[in-house]
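Structure assessment
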Amino acid sequence: MKKKQTVVSLFTGCGGSDSGLHQAGYDVLMANDILPYAKDFYLANFPETDYQVIDVREIQSFPSADVLVGCYPCQGFSQGGARQSSRGVNYLYREFVRALKRIKPKAFIVENVSGMQRSDFRHLLNSQLCQFRLAGYRVNYRVIDVSDFGVPQERKRLIFVGVRSDLGEVFAFPEATHGTAIQNKITIGDAIGDLPLWPEGDYWTETFHWYYLSRNRYRGWDELAKTIVSHPRHMPLHPVSPKLKRVHTDKWVWESDGPARRYSYREAACLQGFDRSSCFPETENSSLRMKYTVVGNAVPPPLFNVIGKELLNYL
């Protein structure tokens, strides 16, 4: 039996990246995050991994591995959620570089938001590229629309893939698996159309405030979902809701008086590309808000599945 390529995963969250890599045939040895419920969810689905709930800056040693994966926090670059310009957040990539130098894996994969390419953050993008190359890796990067790889959602992510220089290879990103036309993509209806329309207790019921209605949060069954976010108050509308119509620049209103709701956390997980059988354990750390948080922060598993499979050709 062929030996599996091994992985160390940092800034793992609930394991969207690792779920995709598991499906691609990798063995994740170690994972890390600071949210206890992220660990609870992860181990309920992948119990064999050594998952450490600890600030990455406190990790003193890492196991040997073939691949290092990192999805370090992106609030400072984000265009889709609350921004945080703290140096402590925007410079956590240095901890990833520290692990890269310690482990010296054959390759690494990094995921972050596309906003990192903005002109005011370009110096941070260039700094990361420089650090990766100085650590001994040939690096390629690309902004990827996750809907091109079977995720039923509008979401663009910046992906770095580095291959250790002594292997003599530069990673080439795979072609889209689901084309560019909407009829070739997976839609909301494809992903969750057969699920219960009103799953009581699984969705956020707080009032739709003025900020929520300052933009169009609605997408229909035959469309891609809007970006799944980590804050339940801002979760997009389920298609069972009335459509929204624009009154003026920052105000939308309901087209009818029918009941409306946001996606449930389980539906959000499906729209992120998690397997329907994924377990959301009830623990001392679980709450409705936290379930939304770990799902919204996750990397869509199908994206890392495709990239992981392609990377195997270089290992």
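As the structure is a prediction and not an experimental result, all values here were calculated from the model. (Residues numbered from 1 in each chain as written. Predicted model: local features only at pLDDT ≥ 70, side-chain atom pairs only at ≥ 80, totals over all residues. Heavy atoms only, no water.)

**Focus: the sheet that holds strand β3 (residues 50–53)**
Strand order in the open sheet formed by seven strands is β3-β2-β1-β4-β5-β7-β6, with mixed pairing between adjacent strands. What marks the edges here is a single partner per strand, and that holds for β3 and β6 (137–145). Averaged over all neighbouring strand pairs, the angle between strand axes comes to 15 degrees, with direction disregarded. Pairing of strand β5 (residues 107–113) with strand β7 (residues 156–164) involves seven bridges; the strand directions are antiparallel. Bridging from a neighbouring strand, Phe108 pairs with Gly162 of β7. Set on the sheet, helix α4 (residues 93–103) makes contact with β1 (6–10), β4 (67–70), β5 and β6; between it and β4 the angle comes to about 175 degrees. (Pairing = 2+ DSSP bridges. Helix = DSSP H or I, 4+ residues; strand = E, 2+ residues; numbered from the N terminus. Axes fitted to C-alpha atoms, helices over the stretch in contact; angles between N-to-C directions. Contact = heavy atoms within 4.5 Å.)

**Some words on the pattern of salt bridges**
Summed over all chains, the structure comprises 13 salt bridges. The salt bridge involving Asp148 is made with Lys185; its shortest N-O contact spans 2.5 Å. A residue pair is termed long-range when its members are at least 10 positions apart, and Asp148 in the loop between β6 and β7 and Lys185 in the loop between β7 and α6 (188–192) qualify at 37 residues. Here Asp148 matches Lys185 in class, with each residue buried. The shortest N-O distance in the salt bridge between Arg261 and Glu267 comes to 2.7 Å. We note that Arg261, like Glu267, is buried. One continuous salt-bridge network, built from bridges that share partners, spans Lys3, Asp66 and Lys106. (Salt bridge = Lys/Arg side-chain N within 4 Å of Asp/Glu carboxyl O. Buried < 20%, exposed > 50% of the residue type's maximum accessible area, 1.4 Å probe, protein only.)

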